[in-house]
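Survey of secondary and tertiary structure
Spelled out from the first residue to the last, the chains are:
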Amino acid sequence: MDKTIASLSAAISDIGDGATIMIGGFGGAGAPIELIHALAERRIGDLTIINNNAGNGRIGIAALIDAGLVRKMVCSFPRSSDPRAFTESYLAGDIELELIPQGTLAERIRAGGAGIPAFYTPTAYGTELAEGKPVEEFDGRPYVRERWLKADFALIKAETGDTHGNLTYRKAARNFGPLMCAAAQTTVVQASTIVEPGGIDPEHVITPGIFVDRLVEVTNPQQEEALIRAGATFP
Amino acid sequence: MTSDNKLTNAQIAWRAAQDIEDGAYVNLGIGFPEMVAQYQPPGRQAVFHTENGILDFGEAPAEGEEDWDLINAGKKAVTLNPGAAFFHHADSFAMVRGGHLDVAILGAYQIAQNGDLANWRIGSRGVPAVGGAMDLVHGAKRVAVITDHTTKNGDPKLVERCTFPLTGVGCVTRVYTSLAVLDIENSRFVLREKLPAISMEDLQALTGAELVLEGPVEELRVPDL
């Protein structure tokens, strides 16, 4: 078994118009910039993007939005140091927003990957983000029912992967990676290093390879925050 | 003490820090609440949680030493203390919702006397953003707010009912303001401490709900910072 794909473009060649795509990362940590830019070059549109944020500056998810490729953003915090791309599209009515509390977003993705169609959480009870959602009492406290969240594709940045798809992450860049890998029909990972099976100590595997479909090696990947600070743009 | 007889943000943060026990697991909201970490009393060491996936992070690194994969929920660069741990978002919010955090300290636009908190959105305009606030207020064992006592326009932030969109219902138990410390008990603001320089009448006039006296009101004393 070898899940390695030779090029970024080949790894995402079957993503089509209207796809729902989970993209890992919290702020710049874990943002798979090379995969996102490969996606932007495909010029497919009508995308639904699931991420904690909604792009920063003129690169990454913001570049997808600037190019008019995103129909809907599903996120918890569509603000950043430079949120122009999303803010302008949203205020112009060109992009839909589904705003989800961060922990509910994470748990909905986890549930999607774990085959759990719905769950109850105390989060957002009594607020406008719970409007229209069923509420039930457990042990005297009200909880809001939330549904699983799944995607056609996940684009994830890992530190080391082996050819079976086992992954490790780098520091806080882990964030949504393990959850999204499990919740997508097809999971595409860019890893800084790809090693042979056995090259990652099984005790250290964070995402088991069963959740990963494709890996591309991107040595010395770009870091979104560093690019933002340098004023980078894409294309 | 500042010249206009109210505490600075640093002083409010200092006062809140005095109530955090040694070894407590604590989440501090983005911005002003982050200052609380600087004022832990000597001999006490809390463990700080950041919802993007770190337990026991430390101070900001020196300029130029930042690692942008090592950030807090406010996307600021941090360092790690010995014994730190990384984890994914579902584990992070299991810590939050599962009741494993001892204290969450957040900012506020409004706090109601029944413990309702509004801190994520002022009206229906602009781009809404919520982050982890709604999870935190229903997770931590103790949810405290630090805030100026009034808005910049002088309107009360402590009110009978919130008029801004809610973050959580009945969740806040203690409020540290620029003028006073109050507990929320049985849907009332119970005054615990106030600045000696302000009279009860003036404090009540700046508060949009009844201040209840129950037991002694201590003097709110904070060092110059």
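Each remark here, short or long, concerns the structure printed above.
For the structure given in this document, a descriptive report is provided here. The structure displayed is predicted, hence computed values, not measured ones.

Re the environment of Phe26(A)
The residue Phe26(A) is located in the loop between β1 (20-23) and α2 (33-42) in this model. The spatial distance from the C-alpha of Phe26(A) to the C-alpha of Asn175(A) is 6.5 Å, given a sequence separation of 149 residues. Beyond its immediate stretch of four places on either side in the chain, Phe26(A) contacts Asn52(A), Asn53(A), Gln102(A), Asn175(A), Asn52(B), Ile71(B), Asn72(B), Ala73(B), Lys75(B) and His89(B).

A look at the pairing of strand β3 (residues 54-57) of chain B
All names here are of chain B. Looking at chain direction, strand β2 (residues 47-50) and β3 are connected through 2 bridges and run antiparallel. In the sheet register, Thr50 faces β3, and the bridge partner there is Ile54. The hairpin formed by β2 and β3 contains 3 residues between the paired strands, and Gly53 there has a positive phi angle of roughly 125°. The sheet contact formed by β3 and strand β4 (residues 80-86) spans 3 bridges and is antiparallel. Considered in β4, the bridge of Phe57 is made with Leu80.

Some points on the interface of chain A and chain B
Each partner contributes to the interface: chain A provides 47 residues, whereas chain B provides 35 residues. Summing both sides of the interface, chain A and chain B together bury roughly 3400 Å²; the carbon and sulfur share of this comes to 63%. Contact with chain B buries area across many residues of chain A, yet Phe26(A), Gln102(A) and Lys171(A) alone supply 16% of it, more than any other trio. We note a salt bridge from Arg170(A) to Asp67(B), for which the minimum N-O separation is 2.5 Å.

Things to note about the packing of aromatic side chains
One pass over the structure, following the stated rule, counts 5 aromatic pairs over all chains. Ring centres of Phe86(A) and Tyr90(A) lie 5.5 Å apart, and the angle between their planes is 20°; this geometry places the pair in the stacked category. Of this pair, Phe86(A) and Tyr90(A) both sit in helix α4 (residues 84-91), separated by 4 residues, roughly a single helical turn. Overall, Phe86(A) belongs to the buried group, its relative accessible area being 1%. Note on Tyr90(A): relative accessible area 24%, which makes it partly exposed. A network of ring pairs unites the aromatic residues Tyr120(A), Phe138(A) and Tyr143(A) as a single cluster. The side chain of Arg79(A) reaches across the aromatic face of Phe77(A), ending 5.8 Å from its centre. The residue whose ring lies beneath Lys75(B) is Phe26(A), and the NZ or CZ to ring-centre distance is 4.6 Å.

As for the sheet that holds strand β6 (residues 135-138) of chain A
Residue and element names in this part refer to chain A. Spatially, 3 strands are ordered β5-β7-β6 in an open sheet, and the strand pairing comes out antiparallel. The sheet is open, and its two edges are formed by β5 (118-121) and β6, each paired on a single side. Sheet twist, expressed as the mean angle between neighbouring strand axes with direction ignored, is 40°. Taken together, the 4 bridges between β6 and strand β7 (residues 141-147) define a ladder with antiparallel strand orientation.

Focus: the nonpolar core
With 56 residues, the main nonpolar core has Val36(B), Ile105(B), Ile111(B), Leu117(B), Val172(B), Val175(B) and Phe189(B) as its most contacted residues. With 5 residues, the single largest contributor to this core is helix α1 (residues 9-17) of chain B. Every residue in contact with Ile111(B), bar those within four places of it in the chain, is listed here: Asp116(B), Leu117(B), Val145(B), Thr147(B), Lys157(B), Leu158(B), Val159(B), Cys162(B), Val172(B), Val175(B), Ile184(B) and Phe189(B). Of all hydrophobic cores here, the second largest spans 40 residues; its members include Ile44(A), Ile49(A), Ile61(A) and Ile95(A).

Conventions used here
Residues numbered from 1 in each chain as written. Chains lettered and ligands numbered in written order. Predicted model: local features only at pLDDT ≥ 70, side-chain atom pairs only at ≥ 80, totals over all residues. Heavy atoms only, no water. Helix = DSSP H or I, 4+ residues; strand = E, 2+ residues; numbered from the N terminus. Contact = heavy atoms within 4.5 Å. Pairing = 2+ DSSP bridges. Buried area = accessible area lost by both parts, 1.4 Å probe. Salt bridge = Lys/Arg side-chain N within 4 Å of Asp/Glu carboxyl O. Phe/Tyr/Trp six-rings, centres within 6.5 Å; stacked < 30°, edge-to-face > 60°. Buried < 20%, exposed > 50% of the residue type's maximum accessible area, 1.4 Å probe, protein only. Lys NZ or Arg CZ within 6 Å of the ring centre and 35° of its normal. Axes fitted to C-alpha atoms, helices over the stretch in contact; angles between N-to-C directions. Core = buried A, V, L, I, M, F, W, Y, C linked by side-chain atoms within 4.5 Å.

These figures come from the coordinates and say nothing about function on their own.
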